[in-house]
Amino acid sequence: MADRVDYYFRQKVTEAELDLGFELLERADRNLAADIGLFGIVSGAVPAPHSPLPGLSVDLTAPARAYDRAGQRVFFGTGQTVDCSVDHNGLPTEVTAAGNERWLSVFLRFSRSLSDPRTDGNSQQVLFRRDESFELVVRQGPEAPAGSAPRPLLEEAELLVCDVRRTAGQTQIVGTDLDLTRRQAFVFAPAGAVLVVAGLWKALATTASTVQQALDSADALLAQQGGRLGAHLEAAAGAHAASAVAVADAGGLLNAAHVEGALAEILGAFGAGHVRANEGANAGLHRAIRQPVLGAGRVLLFESGVTGANETRLRAYGDDGSVWVTFNAAWNGAAWARDTASFYAGGFRFARHEFAFLHDDLLAPAFADFAKQWTLRMNAEVNSGFETSGAVREVGRLGLHTRNPTLAVANATAGGAVTFRSRFPATPSSITLAPKASFKLPTPSVFEADRDGFGVFAHASLTADAVAYWHGTYTAVA
Amino acid sequence: MTVAELSATELVQACVVCGAQNRLPLATLRVGLGEGEERRTSTVALPPCASCGASEFLLRSPEGEPPHPAPGSPGHLHRLLVDHLYGRLALAEGGDGGGPGRPRPGPSDEELRRWFPGGLRMPPSKAEALRPTGPDDPLLRAIAAGKGRG
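These lines cover the structure that appears in this document, whether it is placed above or below. Predicted, not measured: the structure shown is a model, and the values here were computed from it.

The subject of this paragraph is the sheet that holds strand β18 (residues 354–360) of chain A. Residue and element names in this part refer to chain A. Across the sheet, seven strands lie side by side as β12-β13-β14-β17-β18-β20-β21; this open sheet has antiparallel pairing. Both outer strands of the open sheet, β12 (299–304) and β21 (386–389), are each paired with one neighbouring strand and no more. Averaged over all neighbouring strand pairs, the angle between strand axes comes to 15 degrees, with direction disregarded.

In this assembly, 32 residues from chain B lie in contact with 32 residues from chain A. Both faces combined, the contact of chain B with chain A buries some 2700 Å², and carbon together with sulfur accounts for 61% of it. Along the contact surface separating chain B from chain A lie zero salt bridges. Our enumeration of links across chain B and chain A arrives at nine residue pairs in polar contact (both at pLDDT 80 or more). Of all the secondary structure elements, the ones that give two or more residues to the side of chain B that touches chain A are β5 (40–45), β6 (55–59), α1 (74–92) and α3 (126–129) of chain B. Looking at which element gives the most residues to the side of chain B that touches chain A, the answer is β6(B), with five residues. In terms of residue class, the side of chain B that touches chain A is built from 14 nonpolar, 10 polar and eight charged. Two elements, strand β24 (residues 430–439) of chain A and β6(B), share four bridges in a ladder whose sense is antiparallel. For A:Ser430, the partnering residue across the bridge sits in β6(B) and is B:Leu58.

This part is about the layout of surface pockets. Over the atoms, a rolling probe the size of a water molecule traces out where space has been left empty. All names here are of chain A. What the second largest pocket holds in volume is close to 760 Å³. As for the second largest pocket, its lining consists of 17 residues, of which Glu15, Asp19, Phe22, Phe128 and Arg130 are closest to the centre. Counting only elements with at least two residues in the lining of the second largest pocket, the list comes to α1 (15–35), β7 (100–119) and β8 (125–140). By residue number, the principal contributor to the lining of the second largest pocket is α1, which donates seven residues.

Right, let's get into the packing of aromatic side chains. All names here are of chain A. Evaluated as defined, the whole model comprises 16 aromatic pairs over all chains. Seen in terms of ring centroids, Tyr317 and Trp336 are 5.5 Å apart; in terms of plane orientation they differ by 80 degrees. Their pairing is edge-to-face. Of the two residues, Tyr317 sits in strand β13 (residues 314–318) while Trp336 sits in strand β16 (residues 336–337), which places them 19 residues apart along the sequence. The two residues Tyr317 and Trp336 agree in class, both being buried. Arranged with centres 5.3 Å apart and planes meeting at 65 degrees, the rings of Phe447 and Phe457 form a pair that is edge-to-face. One end of the pair, Phe447, is in strand β25 (residues 445–450); the other, Phe457, is in strand β26 (residues 453–462), with 10 residues separating them in the sequence. Of the two residues, Phe447 and Phe457, both sit in the buried class. Following the ring pairs from residue to residue traces out a cluster consisting of Tyr317, Trp324, Trp331, Trp336, Phe367 and Phe370. Between the NZ or CZ atom of Arg139 and the centre of the ring of Phe107, over which it lies, the distance is 5.6 Å.

The next subject is the pattern of salt bridges. Residue and element names in this part refer to chain A. One pass over the full model with this rule turns up 32 salt bridges over all chains. The partner of Glu26 in a salt bridge is Arg112, with the nearest N and O atoms 2.3 Å apart. With Glu26 in helix α1 and Arg112 in strand β7, this pair connects stretches of sequence that are 86 residues apart. Each of Arg109, Glu135, Arg139, Glu155 and Glu158 takes part in one network of salt bridges that share partners.

Counting residues in hydrophobic clusters, the biggest one holds 29 residues, and the most contacted among them are A:Ile431, A:Leu433, A:Leu441, A:Val446, A:Phe454 and A:Tyr474. Listed by contribution, the elements that provide at least two residues to this core are β22 (393–403), β23 (410–419), β24, β25, β26 and β27 (467–477) of chain A together with β6 of chain B. Top element by residues in this core is β26(A). It accounts for six residues.

With that settled, the discussion passes to the sheet that holds strand β5 (residues 73–76) of chain A. All names here are of chain A. Taken together, three strands build an open sheet; the order of strands is β1-β4-β5 and the sheet is antiparallel. This sheet does not close on itself; its edge strands, each paired only once, are β1 (40–43) and β5. Within the sheet, the average angular offset between the axes of one strand and its neighbour, ignoring direction, is 20 degrees.

Attention shifts here to α1(B). Its 19 residues give α1(B) an end-to-end C-alpha distance of 27 Å, which sits within 8% of 27 Å, the value for a rise of 1.5 Å per residue. At the C-terminal side of α1(B), B:Gly94 shows a positive phi close to 90 degrees.

Before going further, it helps to spend a moment on unusual backbone geometry. Residues and elements named next belong to chain A. A cis amide bond, omega 10 degrees, links Ser51 with the succeeding residue Pro52. In this fold, Pro52 is placed in the loop between β2 (47–49) and β3 (57–60). In this model, Ala62 is joined to Pro63 through a cis peptide bond whose omega is -5 degrees. In this fold, Pro63 is placed in the loop between β3 and β4 (64–67). One non-glycine residue, Asp249, lies in positive phi territory at about 50 degrees. Within the secondary structure, Asp249 is located in the loop between α2 (211–234) and α3 (259–273). Here the phi dihedral of Asp465 falls at roughly 60 degrees; this positive angle occurs in a residue that is not glycine. Tracing the chain through its elements places Asp465 in the loop between β26 and β27.

Conventions used here
Residues numbered from 1 in each chain as written. Chains lettered and ligands numbered in written order. Predicted model: local features only at pLDDT ≥ 70, side-chain atom pairs only at ≥ 80, totals over all residues. Heavy atoms only, no water. Pairing = 2+ DSSP bridges. Helix = DSSP H or I, 4+ residues; strand = E, 2+ residues; numbered from the N terminus. Axes fitted to C-alpha atoms, helices over the stretch in contact; angles between N-to-C directions. Contact = heavy atoms within 4.5 Å. Buried area = accessible area lost by both parts, 1.4 Å probe. Salt bridge = Lys/Arg side-chain N within 4 Å of Asp/Glu carboxyl O. Polar contact = N/O pair within 3.5 Å; in protein donor to acceptor, adjacent residues only side chain to side chain. Nonpolar A, V, L, I, M, F, W, Y, C, P; charged D, E, K, R; others polar. 1 Å grid on protein atoms, 1.4 Å probe; cavity = no way out; pocket = protein on both sides within 12 Å on 5 of 7 lines; lining within 4 Å. Points joined across faces, edges and corners; volume = space filled by probe spheres on them. Phe/Tyr/Trp six-rings, centres within 6.5 Å; stacked < 30°, edge-to-face > 60°. Buried < 20%, exposed > 50% of the residue type's maximum accessible area, 1.4 Å probe, protein only. Lys NZ or Arg CZ within 6 Å of the ring centre and 35° of its normal. Core = buried A, V, L, I, M, F, W, Y, C linked by side-chain atoms within 4.5 Å. Expected span 1.5 Å × (residues − 1).

Next comes the structure, spelled out in structure tokens:
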């Protein structure tokens, strides 16, 4: 409550006595504000670079409410623009030396606005209204090298809104020039003056009795936990058990549900076919390649692009009877398909009972079987050489030589047999003999041909002790 | 192949040694060769090639020869032509068409029509069809650039 005066009956009240009554009430009002700690900028007066075009002014938002240390209320209802190019004394604030800076401080100060002029009993002019008002005060500190310029001191009767940095050649005050670290904002109640009930706390110190102590305890706890977390994250060993880390397995590729199990599962599968890194030398290399049943028919066992040339693209297939190794030929389920139709295809096939070389020179994009094959039938009755198939033509050498051992003219006969290098698929239908050198012996006749060869004979009438011969080539076609 | 074409009156022979084509009247051809104990009836000896002198012997398929392992292949078709020629010559010479070592008839007309619907001539082989047509053949250029065949 306020101190008061007791005006009495028929008192002739003076101006001073009337003013005293208001003064006492106003003092009580300000004491109440000061007593409860109502000091600082409550709201508004937030600084920003001047808009729309930044200059050397700062805009303050409205409405603004504040109380100074004396409990006086400072208020303005419309936005204010503070000219920072000069201070409250009208002195320029510019920075003259490059590399220097200067701090300005914008203060808010209580004042009164006098109005409503009247003429008193002494015929003196007085102002009857004395409304609460405000002033914006710009104070400047000394110019100094950047980073070392001091800021203006705080004023007892004023409230600091913000600090403003001026630099050499500056034409605009931007957001980074505004500093609110010293702003004297209203604090409703110091944290140290607000009680807390700590009885049921599990982590914070239960001895804390104020908000400040509780926050201090929480900060210490967070710092401690942060330190532990950092050490945990940086620990080289034993940081976190992999068995306690779950895997999402979005692709559904794992049986394991945690990292430890997943790594064991992956490395188990990898190690079954490869040397693991912890097994010493040769890490990553293949062990024996083992494959499960891959399907039915003729299945692909291996494929390599080799050097990138399609003509040497290498594949291995397996079926119920044989393993096929091919170049430039892929089995498409019904036929062999060339990787490139510009090149021959080739390969070999081996089985438990035979071995075959394969060749296809017809350059069709696809073919049912290799056009030419050389097969060694290991379990056949005749198994000493290759059997050929396809367009087969064999050229070999043949020679007959004879002599008439008598002392008179006589018929001499020469004969022999030719064995083919390979066994033909059928009896040849044509055998052609071409002479290279002959003397008195005609071209032999061919007889008794079969898949393995043929016989030849020739006759000549020779004089006594004469010699005859025929040497040439045979060409057999089947 | 050596028998390139067979008509009612002549045989067109492609020499396997020099590639020359020789047109041989059937009337000049005989079944068999040799005399007496050396007589062999399974062979048709063609005259020496007019270009290189090579002598070709066409061999009838022997008794009990199993079916050709690659029906439709050049070897099979040539076998049919040779057996057919042999049969025609043997019948023309009055052979009885059977028995070991004796002339036998060739393949049936039905079989010939099946495998030679366009006449008794060997089709050009796929390999021959792929032979370059000249120095500007695309395949030759591809081979020269290392992009073909081998």
